[in-house]
Every structure is written in C-alpha cells, then in structure tokens.
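# Structure assessment
Residue strings, one per chain:
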Amino acid sequence: MTHIHLPAYGAAETDVIVSHLVQHYEQLFRQTAPDQQKRTALWNELVHRVSDVELYNRSYEQVRHHCSDLLCHVRQRAAAIPKSVCTESCSAGYRKAMHDGQPSCCFYCIRCADGEISNQTDSNECISCHEDHWPNEAQTRCIPRVKEFFSFIEPLGIVTTVISVCSSLFTVSVLVVFVWYHGTPIVKANNRELSYLLLLALILCFLCPLIFIGQPDTVNCILRQTTFGIIFAMCVSCVLAKTVMVVMAFNAKKPNSSLRKWVGPKLCYVIVITGTSVQVILCCTWLAISPPFPEYNRMLYPGKIIIECNEGSSAAFWCMLGYLSLLAHISFALAFLSRNLPDSFNEAKFITFSMFAFVSVWISFIPAYLSTRGRYMVVVEIFAILCSSSGLLICIFAPKCYILLLRTDLNTKEYLMGRAIVNKKT
C-alpha cells in the first residue's frame, strides 16, 4: 500500500481532498457492508492514505462529519488506528465461543449456563457456583440460595397450626363432657373406657400435624411418619374394637350364645393393643432398615434449596399406610354389615359414616401426594390427617354430645333399649 504525502494545503484544498476520499471509500463500504473484516481494513487504509500529520488531525474530524451510517458502524478509536476485530467484547455473564475456521478475533458470545457465572469481559469459560449458591439475574456473581420449607411463620403454616390446636382443644372439651356425664346411660352404653381412649387418640391425631411444620432435622423426620402411623393405628383400632363390640353384644343376647364370655373390656383392649403393636413393629423395622432423614433438594427449583424429609424406604412408608388402610376397611366392612341392628346398638351407623369419611380421605390422598413436590407434599399429608380425624370425631361423637348437652330427655335407659316413645322437638 502506497502512502501519499500531501503538502501543506490550505483549509479549502484540504476539505476538497478529504471529501473526495470519504466519498470514494464510502462507496467501497457499501459494497462490503456484510463483511465486517473488510470494512475494518478499508477504514485502516483510509486513515493511512491521509498520512500527513497536520492533515490527519483535521481529516479525522472531517471523516466523522461526512461519513454515512455504514461507515460509522466501523469500530473507531479517537486519533488512532482501530483494532482489527470482527466481534464486540463479551460482557460479564457471557463467555466466548470461537467460530470454526475463523481468526481468534471472531467469536460468539454465549450466555453462561444455569448455575454458572462470569465476572469479567471476554471470559473464555464460565465459573460454577457452589452448590449452596446460585447466580444473580445477570449471572455476574453467586448469591446464597433461598432455603424453603413449610414453616410456622408463613400464612398457611399459621392457619394449619391454629386449626390443629383448636381441633385438639375441641376434642379435649368432648372428653370433658364424656367424663362429666360418665354415669349416664348414653356414655355407659357406648363402651365408656373405649370412648375415652379413642378421644385421647384423636387429640394426638390433631396435634400430629405440628410435627410436620418447621425445618426438618434428623429427629423430626424420624418422628413424623412413625408417630403419625402409630397414633392413627391406635385410633382406627379403637374404632375397630367398638365395631366388634357392637356386633358381639347383639349376638350375645341370643339364647345359649357362646359369645357372652367374650363380651367385656378385655376384648377391646386386646384388639387395640394388637392393632397398634403391629404398626409399632412395622415402624421399628422401617427405622432399623432405612430410617427417614432430612434432604436438601437443589434440583427442584432454580435458586432454591427445598429442605424436606426423605422417607428412606418408600416401601416401608406405603406398608405403614397400607396397614392403616387394612384396619380402616375391616372396620368399615363390619360396621356396614351391622348397620341394621336394633336401635339400642345403632352406634354401627355412626361408625359406618366415620370410616367411610376416613377411607375416602386417604384414597384421595394417594394421587394428591404423588402429584405434588416440595413442601406441598407436607401440606397434603397434614390436610389428610386433619380431615380424617375430624370425620371420626364428628361422625362418632357429635350425636352423643347432642343428646348429652341438648336432649337430656333422651339420655335414658328406656330410650336406648327402645322401650319408650320420645316425641321429637319441632
């Protein structure tokens, strides 16, 4: 390339020369518009063609003034020769990826992948954040992940806690009513001691959701499912014992019945202890083989750590629920078959409704539990616990409390044995 050394022209002559040069190279720029590399070379050539220092200092401003948009898109440096590059610098949060078969100055700018950052321009590689951190929105620095679990201080946790505590207090009040009227026929006819035990089990059932709320730890995860399984097994065993006693008490009234020797509180205790002990054995085996443990789930939601309880053994968890289902279905079947017994033994009707509600809730729980993730799995299980416990309490004890508190005229032995006709209130 030949350099043209220009003499010291006046301002008018200089303007004419610069204008002609700009017009000439502007045409060349239009012809090479798609090729950034050629456009850069033309710019360098234009600057070198005007090599006279005095003219160059003036011509640079003239070039900036006369050039079109195509020319101005070329990379410029004030009073200096531009860099020979074809790609702008990659900003922080991006990395460079080279073009195949192109010079090193030609590259792509690619956004860093999830979980990675770049904190400087023209980075060749992105840096992975620590597992407890996550990139900010611009992916220029790592920030701590948000830890998430079902807590007492969030609105849903507060509502759940209030419902759980209020339900348990309501059950305590029902127990107080039964103890206060312990000598009345309605309480004695429905197996008084077994009713007390069932109410105590229901109080624990309503308090059970409190174990599921709060940040999971090793002790908490172990207690959650095992406590729930054992308490509910005792509760359903009490209902099963009530159902068995209703059926046996009716059949024992028949002449020469061999069932009379089995009617009594001892049989109830045997059924409750046996039904609960099987669940205790299942839970102890579960804890011995593969106990639950706290798990930090970083894959579920970007930028969050979901702290949850891993059940350890899914098979053991579903075995525990399966045993509860078995007890509930046996109680439901016995109560349904004995629902048409005489009125003096009509508690079977209430047990039928209660076990129907119990079974319906837990059948609905299975698909809901399997379709949720994170802390909402805990919410689904708490909802099932509260609903099934409420079903048992309302269906079995609401009719009795109605008679004890509002219809004391029905709380007689004659009414229970069907020997008196009581006019209904209008």
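Computed from a predicted structure; not experimentally measured.

### Looking at the sheet that holds strand 8 (residues 293–297)
In spatial order, the strands read 7-9-8; together these three strands make up an open sheet with mixed pairing. With one partner strand each, in any of the chains shown, strand 7 (146–148) and strand 8 form the two edges of the open sheet. For this sheet the average axis-to-axis angle between neighbouring strands, irrespective of direction, equals 25°.

### Re the confidence of the model for the protein
For the protein, per-residue confidence averages 78 on the pLDDT scale, and residues scoring 70 or more make up 70% of the total. Within the model, the stretch residues 1–9 combines pLDDT values under 50 with 14 contacts to residues more than four positions away or in other chains.

### Things to note about the packing of aromatic side chains
On inspection of all chains with the given rule, the structure shows 14 aromatic pairs. Seen in terms of ring centroids, F232 and F358 are 6.0 Å apart; in terms of plane orientation they differ by 35°. Their pairing is tilted. Taken together, the residues F232 in helix 9 (residues 218–252) and F358 in helix 12 (residues 347–370) connect sequence positions 126 residues apart. The burial state of F232 is the same as that of F358; both residues are buried.

### Focus on the packing of helix 7 (residues 192–207) against helix 13 (residues 375–405)
Working note: a packed helix pair is described by the angle between its axes plus the distance between those axes. The interhelical angle for the contact between helix 7 and helix 13, taken along N-to-C directions, is 155°, at an axis separation of 9 Å. Comparing their axes, helix 13 and helix 7 come out roughly antiparallel. The handedness of the crossing between helix 7 and helix 13 comes out as left-handed. Residue-level inspection shows S195, L198, L199, L202, C205 and F206 of helix 7 in contact with helix 13, the latter providing I385, L386, S389, S390, L392, L393, I396 and F397. The residue inventory of the contact of helix 7 with helix 13, partitioned by class, reads 11 nonpolar, three polar and no charged.

### Details of the state of the cysteines
Joining two cysteines, a disulfide is a covalent bond between their sulfur atoms. Scanning the entire structure with this criterion turns up four disulfides. The disulfide that involves C129 links it to C142, with 1.9 Å between the sulfurs. Between C129 and C142 the sulfur-sulfur dihedral comes to about -85°; the bridge is accordingly left-handed. Here C142 lies in strand 6 (residues 142–144) and C129 lies in the loop between strand 4 (127–128) and strand 5 (133–135), a separation of 13 residues in the sequence. Looking at C142, the relative accessible area reads 29%, which means it is partly exposed.

### Looking at the nonpolar core
Among the nonpolar cores identified, the biggest contains 70 residues, and F178, F228, W362 and F397 are the most heavily contacted of them. Elements represented by at least two residues in this core include exactly helix 5 (155–180), helix 6 (185–189), helix 7, helix 9, helix 10 (265–289), helix 11 (314–337), helix 12 and helix 13. Ranked by the residues each element gives to this core, the list is headed by helix 13, at 15 residues. The contact partners of F228, leaving out residues within four places of it in the chain, are C208, F212, L223, M320, L321, L324, W362, E381 and I385.

### Describing the pattern of salt bridges
Enumeration over the complete set of coordinates arrives at seven salt bridges. Of the charged contacts in the structure, one is a salt bridge between E148 and K304, with a shortest N-O distance of 3.2 Å. With a gap of 156 residues between them, E148 in strand 7 and K304 in strand 9 (residues 304–310) connect regions that are remote in the sequence. Assessed through its relative accessible area of 31%, K304 is described here as partly exposed. Put simply, E148, E154, K304 and R375 are held in one network by salt bridges that share partners.

### Topic: the environment of I143
Following the sequence through the fold, I143 ends up in strand 6. By relative accessible area, I143 is classed as partly exposed at 29%. With 13 residues separating them along the chain, I143 and H130 place their C-alpha atoms 9.4 Å apart. In this structure, I143 is in contact with H133, W134, P135 and N136, ignoring residues within four places of it in sequence.

Rules behind the numbers
- Residue positions are given per chain, counted from 1 along the sequence in the order it is written.
- Whole-chain, interface and lining totals are the exception, using all residues; otherwise, since this is a predicted model, local features are given only for residues with pLDDT of at least 70 and side-chain atom pairs are given and counted only at 80 or more.
- Hydrogens and waters are ignored; side-chain quantities use all the structure's heavy atoms.
- When DSSP finds two or more bridges between a pair of strands, those strands are recorded as paired.
- The secondary structure listing takes helices from DSSP runs of H or I that are at least 4 residues long and strands from runs of E that are at least 2 residues long, numbered from the N terminus.
- Simply put, an axis is a line fit to the C-alpha atoms, just over the touching stretch for a helix, and the angle between two N-to-C directions goes from 0 to 180 degrees.
- Think of pLDDT as the predictor's per-residue confidence, scored from 0 to 100.
- The contact definition used throughout considers only heavy atoms, calling two residues in contact when any of these lie within 4.5 Å.
- To pair, rings of Phe, Tyr and Trp, with the six-membered ring standing in for Trp, must have centres within 6.5 Å; the planes then decide the type, stacked if under 30 degrees apart, edge-to-face if over 60, and tilted in the middle.
- For each residue, the accessible area found with a 1.4 Å probe, counting protein chains only, is set against the maximum for its type, and the residue is called buried under 20%, exposed over 50%, and partly exposed in between.
- The labels follow the angle: roughly parallel below 35 degrees, roughly antiparallel above 145, roughly perpendicular from 65 to 115, and oblique for the rest.
- Working rule for handedness: look at the near helix, and if it is turned counterclockwise from the far one by less than a right angle, call the crossing left-handed; if clockwise, right-handed.
- Put simply, Ala, Val, Leu, Ile, Met, Phe, Trp, Tyr, Cys and Pro go in the nonpolar bin, Asp, Glu, Lys and Arg in the charged bin, and everything else, Gly too, in the polar bin.
- Cysteine sulfurs are considered disulfide-paired once they come within 2.5 Å of each other.
- Put simply, buried Ala, Val, Leu, Ile, Met, Phe, Trp, Tyr and Cys residues joined by side-chain atoms within 4.5 Å make one nonpolar core.
- Basic side-chain nitrogens of Lys or Arg form a salt bridge, by our definition, when they fall within 4 Å of a carboxyl oxygen of Asp or Glu.

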